[in-house]
Amino acid sequence: MLLRLPTSLSEARRCLAEGAVPVGGATLVWAQWQRDGFPEQAMSLRRLPEATVVDGETLGAAVLLNQIDDRVPEVLRRAAASIGTGAVRRTATVGGNIVGSTLRCLLPPALVLDARATVMDGDGTYEAELAEVVAKRPLMLGIRWRRPLVSAYRKAPGDVGGPPPLVVATAVHAEEDGGRRLFTAVRDGDEVVSGSVPATADPGRVLDALEGTALGRLPGRTRDVVRREVTDILGRADG
């Protein structure tokens, strides 16, 4: 297998056109390749500047999970630190987790940051909604978000080999009209659901409004966890 390492967007597009299979840390595909056969050529974005950036509003798809630090919002940092073992985090990438993984631990944090993805095809680069990225699995270069006022991440304990543990991500954002908005995203089993409502001064009204979103269809015990997390983040936003 030939591993190609493009250093520019034009070179990366050429690799795609020539049939190179995008791969990050290969943590999700190596066993499959060993079983089914290796592709003739693969492409890693680890030398592409657009895919390796880390700052307060951008995270590249080729960034390793253990490279995610306090430059990014708390919700993303805590999510990355909770994924797998240290060995996994030193190999697995942001793009692999959001696009390639079925667990997608970084997807709820990205949703509450109101993030959009930058993706690339044979014609160039463009922005896409995260739902489109998850469904169509294009080549993702990175994500860009709005800075939140506060954010938080909770991952319930899980058993090895068991169902995916519950994940609740929350963030409060300032709005242009001077108000605030609460974003909440939950991974419950294999499903990720999210919703956003105005973050008014009355926590009870905020919680009632969330019941009218997709989050209101979650099981009762899950909604109880969500309510606790939302109450906590609203208190932090007011503190």
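Asks: Mind laying out the packing of helix 8 (residues 203–211) against helix 9 (residues 220–238), listing which residues take part and the relevant values?
Replies: At a minimum axis separation of 10 Å, helix 8 and helix 9 run at an interaxial angle of 140°. The angle between helix 8 and helix 9 falls in the class oblique. Here helix 8 and helix 9 pass one another in a crossing that is right-handed. Touching Pro203, Val206, Leu207, Leu210 and Glu211 of helix 8 are Arg223, Arg227, Val230, Thr231 and Leu234, all from helix 9. When its residues are assigned to classes, the contact of helix 8 with helix 9 shows 6 nonpolar, 1 polar and 3 charged.

Asks: If you had to explain the environment of Val230 to someone new, which residues and values would you point to?
Replies: Summarising the element assignment, Val230 is placed in helix 9. Here Val230 falls in the buried class, since its relative accessible area comes to 0%. In the structure, Val230 is positioned 20 residues away from Leu210 in sequence and 9.6 Å away in space, judged by C-alpha atoms. Residue contacts for Val230: discarding those within four places in its chain leaves Thr170, Leu182, Thr184, Val206, Leu207 and Leu210.

Asks: Quick rundown of the sheet that holds strand 10 (residues 180–188)? Include the residues and the values.
Replies: With antiparallel pairing, 4 strands are arranged side by side in an open sheet as 8-9-10-11. Because the sheet does not close on itself, it has two edges, and the strands there are strand 8 (150–155) and strand 11 (191–198). For this sheet, the mean angle separating the axes of adjacent strands, direction not counted, is 10°. As defined by bridge partners, strand 8 adjoins strand 9 (residues 167–174) across 6 bridges and the pair is classed as antiparallel. Opposite Ala152, over in strand 9, you have Thr170 as the bridge partner.

Asks: Account for the nonpolar core, naming residues and giving values.
Replies: Counting residues in hydrophobic clusters, the biggest one holds 37 residues, and the most contacted among them are Leu59, Ile68, Val94, Leu106, Met140, Ile143 and Trp145. Listing elements by their share of this core, those giving two or more residues are helix 3 (74–81), helix 5 (94–100), helix 6 (107–112), strand 5 (116–121), helix 7 (130–136), strand 7 (139–144), strand 9 and strand 10. Element by element, the count of residues in this core is highest for helix 3, at 4 residues. When sequence neighbours within four positions are dropped, the list of residues in contact with Leu59 reads Val53, Val54, Ile68, Val72, Leu76, Val94, Gly142, Ile143 and Trp145. With 21 residues, the next largest nonpolar core counts Leu182, Val186, Val197 and Ala199 among its residues.

Asks: Tell me what's going on with helix 9, and back it up with residues and numbers.
Replies: Taking 1.5 Å per residue as the helical rise, helix 9 with its 19 residues ought to reach 27 Å, and the 27 Å between its terminal C-alpha atoms agrees with that figure. Residues Thr222, Val225, Val226, Glu229, Val230, Ile233 and Leu234 constitute the buried set of helix 9. Looking down the long axis of helix 9, one finds its buried residues gathered within 165° of arc, a one-sided arrangement. Exposed and oriented more than 90 degrees from the buried face of helix 9 are Arg221 and Arg228. Buried residues along helix 9 sit in contact with strand 8, strand 9, strand 10 and helix 8.

Asks: So what's going on with the pattern of salt bridges? Which residues, and what values?
Replies: Two side chains of opposite charge can pair, provided their charged atoms sit close to one another. Counted under the stated rule, the structure contains 11 salt bridges. Where Glu18 meets Arg4, a salt bridge forms, and the shortest distance between an N and an O atom there is 2.6 Å. On the criterion of sequence distance, the pair formed by Glu18 in the loop between helix 1 (9–17) and strand 2 (21–22) and Arg4 in strand 1 (residues 2–4) is long-range, its members being 14 residues apart. For Glu18, a relative accessible area of 44% translates into the label partly exposed. Among the ionic pairs, Arg116 bridges to Glu127, the shortest N-O distance being 3.0 Å.

Asks: Please give an account of the side chain of Arg104 that cites residues and values.
Replies: Relative to the helices and strands, Arg104 is located in the loop between helix 5 and helix 6. One buried charged residue, Arg104, forms no salt bridge at all, with the nearest opposite charge on Asp190 at 7.2 Å.

Asks: Just give me the short version of the environment of Met140, but keep the residues and values in it.
Replies: As for its position among the elements, Met140 is in strand 7. The spatial distance from the C-alpha of Met140 to the C-alpha of Val63 is 12 Å, given a sequence separation of 77 residues. When residues no more than four places from it in sequence are discounted, the contact partners of Met140 are Leu45, Ala61, Val94, Gly95, Ile98, Val99, Ala117, Thr118, Val119 and Val133.

Rules of the game
Residues numbered from 1 in each chain as written. Predicted model: local features only at pLDDT ≥ 70, side-chain atom pairs only at ≥ 80, totals over all residues. Heavy atoms only, no water. Axes fitted to C-alpha atoms, helices over the stretch in contact; angles between N-to-C directions. Helix = DSSP H or I, 4+ residues; strand = E, 2+ residues; numbered from the N terminus. Parallel < 35°, antiparallel > 145°, perpendicular 65-115°, else oblique. Left-handed = near helix turned anticlockwise from the far one by under 90°. Contact = heavy atoms within 4.5 Å. Nonpolar A, V, L, I, M, F, W, Y, C, P; charged D, E, K, R; others polar. Buried < 20%, exposed > 50% of the residue type's maximum accessible area, 1.4 Å probe, protein only. Pairing = 2+ DSSP bridges. Core = buried A, V, L, I, M, F, W, Y, C linked by side-chain atoms within 4.5 Å. Expected span 1.5 Å × (residues − 1). Arc of directions from axis to C-beta. Salt bridge = Lys/Arg side-chain N within 4 Å of Asp/Glu carboxyl O. Lys, Arg positive; Asp, Glu negative; His and termini not counted.

In short, geometric facts, not functional conclusions.
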